[in-house]
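Topology and contacts: notes
Each chain is listed here by its residues.
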Amino acid sequence: MRLTVVDAPNEWSRFAEGSVERRMLCALSDELGTALRPKALLLENRSRVEVEGIDAEGRIVVQLVANQGAYKPSYRNKVMADLFKLLWLREGVPSAERAVLVVTEVVVQALGGWVATAAADLGVEVRVFDGIRTAPLSK
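Below is a summary of the structure that appears in this document.

**A short note on the nonpolar core**
Ranked by internal contacts, the top residues of the largest apolar core, which has 29 residues, are Val-61, Val-79, Leu-101, Val-107 and Leu-111. Residue assignment for this core shows that the elements contributing at least two residues are β2 (37-43), β3 (48-54), β4 (60-65), α2 (74-92), β5 (98-104), α3 (114-121) and β6 (124-129). Residue contacts for Val-61: discarding those within four places in its chain leaves Val-51, Gly-53, Ile-54, Leu-86, Leu-89, Arg-90, Ala-96, Arg-98, Ala-99 and Val-100. One finds Phe-15, Ile-60, Leu-64 and Val-100 within the second-largest nonpolar core, a separate group that totals 15 residues.

**Focus: the environment of Ala-118**
Within the secondary structure, Ala-118 is located in helix α3. In this structure Ala-118 comes out as partly exposed when scored by relative accessible area, which is 24%.

**Section: the sheet that holds strand β7 (residues 134-136)**
Strand pairing in a sheet relies on backbone hydrogen bonds, with the paired strands running either antiparallel or parallel. If you walk across this open sheet you meet the seven strands as β1-β2-β3-β4-β5-β6-β7, and the pairing is mixed. The sheet is open, and its two edges are formed by β1 (3-6) and β7, each paired on a single side. Ignoring strand direction, the axes of neighbouring strands in this sheet form an average angle of 45 degrees.

**A word on the packing of α2 against α3**
One way to put it is that α2 packs onto α3 with a least axis distance of 11 Å and a crossing angle of 10 degrees. If you check the angle between α2 and α3, you find them roughly parallel. Between α2, through Arg-76, Val-79, Met-80 and Leu-83, and α3, the contact on the second element is made entirely by Trp-114, Val-115 and Ala-119. Looking at side-chain class alone, the contact of α2 with α3 contains six nonpolar, no polar and one charged residues.

**Some words on helix α1 (residues 20-32)**
The first and last C-alpha atoms of α1 sit 18 Å apart over 13 residues, in line with the 18 Å expected at 1.5 Å per residue. Among the residues of α1, those classed as buried are Val-20, Arg-22, Met-24, Leu-25, Ala-27, Leu-28 and Ser-29. On its buried face, α1 sits against β2, β3, β4, β5, β6 and β7. Phi for Gly-33, located one or two positions after α1, is positive at around 75 degrees.

**As for the environment of Leu-28**
Within the fold, Leu-28 resides in helix α1. Counting along the chain gives 30 residues from Leu-28 to Gly-58, while the straight-line C-alpha distance between them is 15 Å. Every residue in contact with Leu-28, bar those within four places of it in the chain, is listed here: Leu-36, Val-62, Val-100, Val-102, Arg-127 and Thr-134.

**A closer look at α3**
Within the span of α3, buried status applies to Val-115, Ala-116 and Ala-119. Viewed along the axis of α3, the buried residues span an arc of 95 degrees, placing them on a single side of the element. Opposite the buried face of α3, at more than 90 degrees from it, the exposed residues are Trp-114 and Asp-121. Looking at the packing, one finds that the buried side of α3 touches α2 and β6. Positioned one or two residues after α3, Gly-123 has a phi angle of 80 degrees, which is positive.

**Some points on the pairing of β6**
Regular strands show a simple pattern: their side chains alternate between the two faces of the sheet. Across the six residues of β6, five count as buried, placing the element largely inside the fold. Both β5 and β6 contribute to a ladder of six bridges, which runs parallel. When the bridges of β6 are listed, Thr-104 appears paired with Phe-129. Handedness of the crossover is the feature at issue here: the chain leaves β5, passes through α3, returns alongside β6, and the resulting connection is right-handed. Two successive antiparallel strands, β6 and β7, enclose a turn made up of four residues, where Gly-131 displays a positive phi of approximately 105 degrees.

Reading the values: rules and limits
Residues numbered from 1 in each chain as written. Predicted model: local features only at pLDDT ≥ 70, side-chain atom pairs only at ≥ 80, totals over all residues. Heavy atoms only, no water. Core = buried A, V, L, I, M, F, W, Y, C linked by side-chain atoms within 4.5 Å. Buried < 20%, exposed > 50% of the residue type's maximum accessible area, 1.4 Å probe, protein only. Helix = DSSP H or I, 4+ residues; strand = E, 2+ residues; numbered from the N terminus. Contact = heavy atoms within 4.5 Å. Pairing = 2+ DSSP bridges. Axes fitted to C-alpha atoms, helices over the stretch in contact; angles between N-to-C directions. Parallel < 35°, antiparallel > 145°, perpendicular 65-115°, else oblique. Nonpolar A, V, L, I, M, F, W, Y, C, P; charged D, E, K, R; others polar. Expected span 1.5 Å × (residues − 1). Arc of directions from axis to C-beta. Right-handed = clockwise from strand over helix to strand, strands pointing away.

Here it is in structure tokens:
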């Protein structure tokens, strides 16, 4: 199924100024040298799906797991759901070449065991946001 990017009335969509998600996207944008913004995508059947970050050319798709505070086991479900979504988006957006999952430091626990290995094997880049910048997940 092919997806097309829908123009948004607001460049930042639901990410308020100063929000963790917005800071994550700004940090990743700076590091990759391209602006990443949240966008809605339209499926062929006219349904919409949100992507938390995509560049203007549609080459990079990004999902964020911005949880803060104490780790909860449910974060692992969010990580796996976003990994699945990224794989689907990379296949469905005709120009997409890269899929990037950005997580906060507390969420790194959800990437233990086979999850990080599976992400790497499937070509999803995982980066960790420390509050200022992102860095590749260290294994």
